Amino acid sequence: MGSCSSHAASIPDLDDIRRETGFSQANLVRLHHRFRALDCNKKGYLCRMDLQQIGALAVNPLGDRIIDSFFPDGSHSVDFRGFVRVLAHFRPVEDEGTGIRDPKEPEPLNSRMNKLRFAFQLYDLDRDGKISRHEMLQVLRLMLGVQVTEEQLESIADRTVQEADEDGDGAVSFLEFAKTLEKMNVEQKMSIRILK
């Protein structure tokens, strides 16, 4: 136990990060170990190449887009706080009863809406707040690859956008995206249970 608390003391702003992400101290210590292991050159930050070492991202068709989410606004490095902020979107939602959240507090990063926002930005490449047919087609190409023909991909993209596009502008807004997924258990599907 002593080594865990001594390691926790080496994590800058631990209490702030814990409040912001919802991770326990023990989880943050584990994530800090992982962060340091990925930081091969001991720079104190991670770059794109460091994250490409993660096997699960290497085989994920959206791996590059997930890695992009660690580097908002074109930055080239991510510190520990930024690293765990992204991972917090995948933190399972705990059944904490029906406690009422203080409206002055920010919505937890692992809330349904924040998980949906995270998923939406994986599709919205140009960050214009809409998923165009072209962006949908790009994601389908990544996910389905050579399993289907280009014609089939285009048909799927057209149908997907058409079904979700309620205002008829030819693209899917965040609200339309969220409505399309309202019956999906996003809280479970976008959770990684690696942290016990």
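What counts and how
- Residues numbered from 1 in each chain as written.
- Predicted model: local features only at pLDDT ≥ 70, side-chain atom pairs only at ≥ 80, totals over all residues.
- Heavy atoms only, no water.
- Axes fitted to C-alpha atoms, helices over the stretch in contact; angles between N-to-C directions.
- Helix = DSSP H or I, 4+ residues; strand = E, 2+ residues; numbered from the N terminus.
- Left-handed = near helix turned anticlockwise from the far one by under 90°.
- Contact = heavy atoms within 4.5 Å.
- Nonpolar A, V, L, I, M, F, W, Y, C, P; charged D, E, K, R; others polar.
- Expected span 1.5 Å × (residues − 1).
- Buried < 20%, exposed > 50% of the residue type's maximum accessible area, 1.4 Å probe, protein only.
- Lys, Arg positive; Asp, Glu negative; His and termini not counted.
- Salt bridge = Lys/Arg side-chain N within 4 Å of Asp/Glu carboxyl O.
- Polar contact = N/O pair within 3.5 Å; in protein donor to acceptor, adjacent residues only side chain to side chain.
- Phe/Tyr/Trp six-rings, centres within 6.5 Å; stacked < 30°, edge-to-face > 60°.
- Lys NZ or Arg CZ within 6 Å of the ring centre and 35° of its normal.
- Core = buried A, V, L, I, M, F, W, Y, C linked by side-chain atoms within 4.5 Å.

A.B. asks: Please give an account of the packing of helix α3 (residues 25-38) against helix α7 (residues 80-88) that cites residues and values.
C.D. replies: Where α3 contacts α7, the axes come no closer than 11 Å and their chain directions differ by 115°. Relative to α7, α3 is oriented so that their crossing is right-handed. Residues Leu28, Leu31, His32, Phe35 and Leu38 of α3 touch α7, and the partners they reach there are Phe80, Phe83, Val84 and Leu87. Broken down by class, the residue content of the contact of α3 with α7 amounts to 8 nonpolar, 1 polar and no charged.

A.B. asks: Lay out helix α10 (residues 150-164) with the relevant residues and their values.
C.D. replies: An α-helix turns once every 3.6 residues. As a result, residues three or four positions apart point the same way. Helix length check: α10 (15 residues) gives 21 Å between terminal C-alpha atoms against 21 Å at 1.5 Å per residue, within 8%. In this structure, the buried side of α10 is in contact with β1 (130-132), α9 (133-144), β2 (171-173) and α11 (174-180).

A.B. asks: Quick one: what's the story with the side chain of Asp165, residue by residue and with numbers?
C.D. replies: Along the chain, Asp165 falls in the loop between α10 and β2. For the buried Asp165, no salt bridge exists, and the shortest N-O distance to an oppositely charged side chain is 6.1 Å, to Lys130. From its side chain, Asp165 meets the backbone nitrogen of Asp169 in a polar contact 3.2 Å long. The contacts of Asp165, once residues within four sequence positions are left out, are Gly170, Ala171 and Glu176.

A.B. asks: Account for the pattern of salt bridges, naming residues and giving values.
C.D. replies: Counted under the stated rule, the structure contains 15 salt bridges. A salt bridge links Asp13 to Arg81; the nearest nitrogen and oxygen atoms lie 3.7 Å apart. In this pair, Asp13 sits in the loop between α1 (2-9) and α2 (14-21) while Arg81 sits in helix α7, placing the two residues 68 residues apart along the sequence. Since its relative accessible area comes to 46%, Asp13 is described here as partly exposed. Look at Arg81 and you get partly exposed, because its relative accessible area is 28%. Between Asp50 and Lys43 there is a salt bridge, with the nearest N and O atoms lying 2.9 Å from each other. A relative accessible area of 4% places Asp50 in the buried class.

A.B. asks: Go over the packing of aromatic side chains with me, naming the residues and quoting the values.
C.D. replies: All chains considered together, the criterion is met by 7 aromatic pairs. With centroids separated by 5.3 Å and ring planes inclined at 70°, the aromatic side chains of Phe120 and Phe177 adopt a geometry described as edge-to-face. Of this pair, Phe120 sits in helix α8 (residues 112-123) while Phe177 sits in helix α11, placing them 57 residues apart in sequence. Taking relative accessible area as the criterion, Phe120 reaches 6% and is therefore assigned buried. Aromatic ring contacts, followed pair by pair, group Phe35, Phe70, Phe80 and Phe83 into a single cluster. Positioned above the aromatic ring of Tyr45, the side-chain terminus of Lys43 is 5.4 Å from the ring centre.

A.B. asks: Please provide a residue-by-residue account of α8, values included.
C.D. replies: With 12 residues, α8 should reach 16 Å at 1.5 Å per residue; the first-to-last C-alpha distance of 17 Å fits that figure. If you check which residues of α8 are buried, you get Asn114, Lys115, Leu116, Phe118, Ala119, Phe120, Leu122 and Tyr123.

A.B. asks: Could you give an account of the nonpolar core, with specific residues and numbers?
C.D. replies: One finds Leu51, Phe70, Phe80, Phe83, Val84 and Phe177 to be the most contacted residues of the largest nonpolar core, which totals 48 residues. Those elements that provide at least two residues to this core are α2, α3, α6 (63-68), α7, α8, α9, α10 and α11. The element that contributes the greatest number of residues to this core is α8, accounting for 6 residues. Apart from residues no more than four positions distant in its own chain, Leu51 is found in contact with Leu38, Leu46, Leu57, Ile67, Phe70, Phe71 and Phe83.

A.B. asks: Hey, could you go over the side chain of Thr21 for me, with residue numbers and the actual values?
C.D. replies: For Thr21, the location among the structural elements is in helix α2. Engagement of the side chain of Thr21 in a polar contact is seen with the backbone oxygen of Ile17, the distance being 2.8 Å. Look past the residues within four positions of Thr21 in its chain and what remains in contact with it is Leu28, Val84, Arg85, Ala88, Arg91 and Leu109.

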